[in-house]
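# Structure at a glance
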Amino acid sequence: MDFEKLAQAMGDLDEDTVVEMLEAVMEDGGSEADKAMEACQKGMELVGNLFEEGEYFVGDLIYAGELMTQAVEILTPALVGSDSSGPKTKMILCTVKDDLHDIGKNIVRAMLEAAGFDVVDLGIDVEPEKVVEVAKEQNIKIVALSGVLTLALDSMKDTVDAIRKAGLDCKIIIGGAPVSEEACAAMGADEWAHSPQKTINVCKAWAAELA
Ligand code: B12
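Our subject in this report is the structure included herewith. This is a predicted model, so every value here is computed, not measured.

## Re the site of the ligand
Around the ligand, the surrounding shell holds 35 residues, and the nearest of these are L100, H101, D102, T150 and T199. A distance of 2.8 Å separates a nitrogen atom of the ligand from a polar side-chain atom of E52. Backbone polar atom of L100 to an oxygen atom of the ligand: 2.7 Å apart, as the coordinates give it. Its atoms largely coinciding with the cavity grid, the ligand occupies the largest pocket. No other element matches helix α3 (residues 33–52), which puts seven residues into the shell around the ligand. Here the residues of the shell around the ligand sort into 18 nonpolar, 11 polar and six charged. Three or more residues apiece are contributed to the shell around the ligand by two domains, here domain 1 (3–80) and domain 2 (90–210).

## Quick word on the packing of helix α4 (residues 58–80) against helix α5 (residues 103–114)
Across the interface, α4 lies against α5 with an axial gap of 10 Å and an inter-helix angle of 15°. Classed by the angle they form, the pair α4 and α5 counts as roughly parallel. α4 and α5 meet at a crossing whose hand is right-handed. Within the contact between the two elements, α4 uses G65, M68, T69, V72, T76, L79 and V80 and α5 uses I103, I107, A110, M111 and A114. Broken down by class, the residue content of the contact of α4 with α5 amounts to nine nonpolar, three polar and no charged.

About the criteria used
Residues numbered from 1 in each chain as written. Predicted model: local features only at pLDDT ≥ 70, side-chain atom pairs only at ≥ 80, totals over all residues. Heavy atoms only, no water. Near = heavy atom within 4 Å. Polar contact = N/O pair within 3.5 Å; in protein donor to acceptor, adjacent residues only side chain to side chain. 1 Å grid on protein atoms, 1.4 Å probe; cavity = no way out; pocket = protein on both sides within 12 Å on 5 of 7 lines; lining within 4 Å. Sits in = over half its atoms within 2 Å of the grid points. Helix = DSSP H or I, 4+ residues; strand = E, 2+ residues; numbered from the N terminus. Nonpolar A, V, L, I, M, F, W, Y, C, P; charged D, E, K, R; others polar. Domains from an automatic or database assignment. Axes fitted to C-alpha atoms, helices over the stretch in contact; angles between N-to-C directions. Parallel < 35°, antiparallel > 145°, perpendicular 65-115°, else oblique. Left-handed = near helix turned anticlockwise from the far one by under 90°. Contact = heavy atoms within 4.5 Å.

Remember, this is a structural readout, not a statement about activity or role.
As structure tokens, then:
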């Protein structure tokens, strides 16, 4: 499979080629689904660059979002695997306030669920107070915050502050393109990740500590 071609087709928003190539990837059960997902994300970067250069407009971003969602739906069965033995640990996942991007969050949710977590997905543009309210009500000890915009770092910090101020004993992981070790340290989160796999490893270790 020519993954460069897939990334380019994604960047060109060429739905027919993308779907045809992804279906070909899934023919053997999806042994190369992770590489296909990487190529699709690379394609989204191309879209982002063209948007910055003024070649693409918001309508193209919306269409890119729909195409990426379709790609994720095709690939997810092969990506998630399943390891849902044992009791399920409940956790919160959401995209933080002022950020409407949810494709990455949805991938992380599918993978956490397949890894055996009971994920309370609060959706997008979620106020810090909502996270605190649900964590209190449902006695949740693990919170994962997603954000794609640079601005999301401020909302993440507000959410971490609100959780700490409420005195909740929660472990917090932040994820998405703008997060980094420095951002994590600066806002007082417990961990950060770009890849869903790291999130799963970290949350599993926390769940074991809590058990
Ligand atoms: C599709 C898209 C949209 C769609 C989103 C649809 C949807 N349902 O999500 C729509 C049209 C809504 C949109 C809107 C906007 N967008 Co937009 N969008 C994109 C685009 C092209 C792709 C995003 C995407 O889905 N990527 C694929 C997913 C799979 O990747 P991901 O989100 O990074 O997630 C992965 C990891 O980050 C990680 N991850 C994600 N979440 C979490 C959480 C945890 C806990 C962990 C551990 C890991 C993790 O795992 C995922 C899988 O590997 C990006 C370009 C890019 N390079 O990403 C721009 C981009 C993010 N958008 C951008 C902008 C500017 C906007 C707008 C402001 C445009 C406008 N003028 O209106 C608005 C903002 C709206 C808002 N308030 O949020 C900029 C952000 C710039 C910045 N640094 O802040 C980007 C980078 C484009 C660019 N280069 O300019 N957008």
